[in-house]
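Structure at a glance
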Amino acid sequence: MSGLDLLSTYSSDSEDDEINDNNKSNENSERLPIPGSILAWKGVPHHEEVYDDPSQHEGKARSFKHERGNWATLIYINYEPSEIMLSWMSSVSREMPIKCNILSEQFHISITRTLILKFHWIESFVEETKKLCDQTKQFSLELLNVRAYTNDEKTRTFLGVECVDCSGALTHFVKNVNRFLAEYKLPPFYEDTSYHISFLWCLGNNLAILNNETSSLTTKLNKFLVEYPEERYIHVTKIHLKIGNRLYAFKLRRKTSLQSYFGGHFTYILRQDTLYM
């Protein structure tokens, strides 16, 4: 058999195999149809730009543009008001000359600005915060008066209850936080520090209007605290750190030496990934 004949035979055999394989594939596809659930799958856009719609958040705007790799970060003290305190806050909202809303977010006392953290900083940032909490004793804050505040962008105005750092422990803690924030080239906490619990808010810069109300509200707050003295002090046992959708709670050292302290314990909870200020 000549070389051309061999080539012809080889080509013919290969074509027959290919046809047989195709027939087998067709048979298999008839026996095992693709499930409808798989056929309904759709591709997910990658690196899709997030559009922030204030109308979806009661008119509130983000304090910075959402960018991939940027994590909104805040160190704060959690505050859980009693039913009596919530009732007092609600009564204040009804007395305002402009429409104000009770804060729907978690009540808290900020001890940093809202920071922008890079992903590769997260692990070391958490460790630095935890280390500082391990070295800090529990302390108390005293509710003092009512003040008006605005956010940095002047897009929202707040009424808050100002808190006094009774022992100076919180001031010392914030100084140490500012020290390690500088290592990340992040802004320190405000120089004109006013620790407070925001409880009412309204859109826009209405500082002048709310400032006219703070004196009478402070008088009412003090009367309330005389009647309910247990509401006057906040005993701080934990510091919270929120990074994007991650929430950490670090225990502070106990005041007494009789009670042993087990370091290294912290809790991790998933939460919503948007922080509005």
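What counts as what
- Residues numbered from 1 in each chain as written.
- Predicted model: local features only at pLDDT ≥ 70, side-chain atom pairs only at ≥ 80, totals over all residues.
- Heavy atoms only, no water.
- UniProt positions renumbered as here; feature names shortened; annotations may be inferred.
- Core = buried A, V, L, I, M, F, W, Y, C linked by side-chain atoms within 4.5 Å.
- Buried < 20%, exposed > 50% of the residue type's maximum accessible area, 1.4 Å probe, protein only.
- Helix = DSSP H or I, 4+ residues; strand = E, 2+ residues; numbered from the N terminus.
- Contact = heavy atoms within 4.5 Å.
- Axes fitted to C-alpha atoms, helices over the stretch in contact; angles between N-to-C directions.
- Parallel < 35°, antiparallel > 145°, perpendicular 65-115°, else oblique.
- Left-handed = near helix turned anticlockwise from the far one by under 90°.
- Nonpolar A, V, L, I, M, F, W, Y, C, P; charged D, E, K, R; others polar.

The chain goes by U6 snRNA phosphodiesterase in an unreviewed UniProt entry, where it is assigned to Xylocopa violacea. As its UniProt record puts it under Function (unreviewed entry), the chain is described as follows: "Phosphodiesterase responsible for the U6 snRNA 3' end processing. Acts as an exoribonuclease (RNase) responsible for trimming the poly(U) tract of the last nucleotides in the pre-U6 snRNA molecule, leading to the formation of mature U6 snRNA." The annotation that UniProt attaches to the chain under Sequence similarities (unreviewed entry) is "Belongs to the 2H phosphoesterase superfamily. USB1 family."

With that settled, consider the nonpolar core. If you look at the biggest cluster of nonpolar residues, it comprises 58 residues, and the most contacted ones within it are Trp-88, Phe-125 and Leu-159. Ranked by residue count, the leading element in this core is helix 5 (residues 169–183), at six residues.

Among the secondary structure elements, Ser-93 is positioned in helix 3 (residues 83–93). Leave out the neighbours within four places in its chain, and Ser-93 touches Cys-100 and Leu-200.

For the pair helix 4 (residues 122–134) and helix 5, the least separation of the axes is 11 Å and the interaxial angle reads 155°. Compared by their axis directions, helix 4 and helix 5 come out roughly antiparallel. The handedness of the crossing between helix 4 and helix 5 comes out as right-handed. Across the interface between the two elements, Phe-125, Glu-128, Thr-129, Leu-132 and Cys-133 from helix 4 touch Phe-173, Asn-176, Val-177, Phe-180 and Leu-181 from helix 5. By residue class, the composition of the contact of helix 4 with helix 5 is seven nonpolar, two polar and one charged.

So, about unusual backbone geometry. Of note, Lys-154 is a non-glycine position whose phi angle comes to about 60°, a positive value. Mapped onto the elements, Lys-154 comes out in the loop between strand 5 (139–150) and strand 6 (156–165). A positive phi angle is found at Lys-185, which is not glycine, with a value near 60°. The residue Lys-185 is located in the loop between helix 5 and strand 7 (196–203) in this model.

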